[in-house]
Amino acid sequence: LPTKPSGCLHIGHAKAVLLNNYYARRYHGRLIVRFDDTNPSKEKEEFQESILSDLGLLGVKPDRVTFTSDYFDTIRGYAIRLIEAGLAYMDD
């Protein structure tokens with residue numbers, strides 16, 4: 001479940017997380033909540049805490065919580081490989 005910690009959960013988020021949680025449990029998978037923290041001027045820790053609290057109220061317990069910024073080095077590496085292979089380009 002990728003979400004941006006820039007506000008509270010809304011009904012669309014609730015539907016998505018309940019479906020994701022259902023399938024993760026039904027098929028013995030893992031529910032990973034990933035916070036898209038790529039725009040720090042809009043994201044706040046209070047929203048992150050609120051979202052996790054709201055998930056608890058819905059009866060959803062993530063197996064793991066991650067942040068997009070945890071993967072910046074990996075994402076950058078893939079981008080460089082794609083650019084070098086001529087499959088992507090970087091714009092100003």
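Quantities reported herein were computed from a predicted structural model and do not represent experimental measurements.

(A) Representation of a nonpolar patch on the surface within the structure. Together, Leu19, Tyr22, Tyr23 and Tyr27 make up a nonpolar patch on the protein surface, roughly 470 Å² of accessible area in all. Relative to the elements of secondary structure, leucine 19 occurs in helix α1 (residues 11-26).

(B) Structural view of the packing of aromatic side chains. With the rule as written, the count across this model stands at three aromatic pairs. By the ring-pair criterion, three or more aromatic residues cluster together here, those being Tyr22, Tyr23 and Tyr27. The side chain of arginine 26 reaches across the aromatic face of tyrosine 27, ending 5.0 Å from its centre.

(C) Representation of the environment of isoleucine 75 within the structure. Secondary-structure assignment places isoleucine 75 in helix α3 (residues 72-84). The class of isoleucine 75 is partly exposed, set by a relative accessible area of 46%.

Analysis parameters
Here the residue index of a chain counts from 1 through its sequence in written order. For a predicted model such as this one, the threshold for reporting local features is a pLDDT of at least 70, and the threshold for listing and counting side-chain atom pairs is 80 or more; totals across whole chains, interfaces and linings nevertheless cover every residue. In computing side-chain values, all of the structure's heavy atoms are included and hydrogens and water are not. Here, patches come from residues exposed beyond 30% relative accessible area and free of salt bridges, joined within 9 Å for like charges and within 5 Å for nonpolar side chains (Val, Leu, Ile, Met, Phe, Trp, Tyr). Exposure was quantified through the Shrake-Rupley algorithm and a 1.4 Å probe, taking into account, for residues, occlusion by the shown protein chains and nothing else. Any carboxyl oxygen of Asp or Glu that lies within 4 Å of a side-chain nitrogen of Lys or Arg is treated as forming a salt bridge with it. Helix numbering and strand numbering both begin at the N terminus, where a helix is a DSSP run of H or I of at least 4 residues and a strand a DSSP run of E of at least 2. Between 30 and 60 degrees the pair is tilted, below 30 it is stacked and above 60 it is edge-to-face, where a pair is any two Phe, Tyr or Trp rings, Trp via its six-membered ring, whose centres lie within 6.5 Å. Note on geometry: a ring has a charge over it if NZ (lysine) or CZ (arginine) is within 6 Å of the ring centre and within 35 degrees of the ring normal. Relative accessible area decides the class of each residue, using a 1.4 Å probe on protein chains only: under 20% of the type maximum gives buried, over 50% gives exposed, and in between gives partly exposed.

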